[in-house]
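# Structural characterization, general
Here are the chains, one letter per residue:
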Amino acid sequence: QVQLVESGGGLVQAGGSLRLSCAAPGGRIGFFGMAWFRQTPGKEREFVAAINWLGGATFYGDSVKGRFTISRDNNRNTVTLQMNNLKAEDTAIYYCAAGARPDPTTRPADFGSWGPGTQVTVSS
């Protein structure tokens, strides 16, 4: 378990960009697979992107491929989600998560640590 905190959410027009960051104050994420999920009211948490512990392998949900990029800096204990060409349907609360093993999955149940989330709103 590691404490996670997201930042960088906000309001942006469709076609714009946002950069989300996930920090682990007081902890280390170096050995964890990391991921971003998102959720809107009444819907299940949706996989967005994941990255393995060394950063050499990345995975994306179909709806964000080609628009979002996940990266990590283990020395700074941060994970970043660069979101470009945002669409109204990207509006959600975005959560950072740390998995229990170095290679992440796309299932929320496989992640034991979660941040409180950051709101992203895309106006059309």
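See the structure above.
Everything in this summary refers to the structure shown in the same document. (Residues numbered from 1 in each chain as written. Predicted model: local features only at pLDDT ≥ 70, side-chain atom pairs only at ≥ 80, totals over all residues. Heavy atoms only, no water.)

## Section: the environment of Ile 93
Along the chain, Ile 93 turns up in strand β9 (residues 92-99). Those residues in contact with Ile 93, other than ones at most four positions away along the chain, are Phe 37, Arg 38, Gln 39, Gly 117, Thr 118 and Gln 119. (Helix = DSSP H or I, 4+ residues; strand = E, 2+ residues; numbered from the N terminus. Contact = heavy atoms within 4.5 Å.)

## Digging into a nonpolar patch on the surface
Taken together, the side chains of Phe 31, Trp 53 and Leu 54 define a hydrophobic patch exposed on the protein surface, amounting to about 360 Å² of accessible area. Take Leu 54: it is sitting in the loop between β5 (46-51) and β6 (58-60). Looking at Leu 54, the relative accessible area reads 61%, which means it is exposed. (Patch = residues over 30% accessible without salt bridge, like charges linked within 9 Å, V, L, I, M, F, W, Y side chains within 5 Å. Areas by Shrake-Rupley, 256 points an atom, 1.4 Å probe, with all protein chains shown as cover. Salt bridge = Lys/Arg side-chain N within 4 Å of Asp/Glu carboxyl O. Buried < 20%, exposed > 50% of the residue type's maximum accessible area, 1.4 Å probe, protein only.)

## Let's talk about the sheet that holds strand β1 (residues 5-7)
By definition, the strands of a sheet pair up through backbone hydrogen bonds, in either a parallel or an antiparallel sense. Strand order in this open sheet of four strands is β1-β3-β8-β7, and the pairing throughout is antiparallel. Each having just a single partner strand, β1 and β7 (68-73) make up the two edges of the open sheet. Strand-to-strand twist across the sheet, computed as the mean angle between neighbouring axes with direction ignored, equals 15°. In this sheet, strand β3 (residues 18-23) lies alongside β1 in antiparallel orientation, the contact comprising three bridges. Residue pairing for β3: Ser 7 is matched across the bridge by Ser 21. (Pairing = 2+ DSSP bridges. Axes fitted to C-alpha atoms, helices over the stretch in contact; angles between N-to-C directions.)

## Side note on the environment of Asp 62
Of note, Asp 62 is situated in the loop between β6 and β7. A relative accessible area of 67% means that Asp 62 is categorised as exposed. Sequence separation between Asp 62 and Thr 91 is 29 residues; the distance between their C-alpha atoms is 16 Å. In terms of polar contacts, Asp 62 uses its side chain to reach the side chain of Lys 65, at 3.2 Å. (Polar contact = N/O pair within 3.5 Å; in protein donor to acceptor, adjacent residues only side chain to side chain.)

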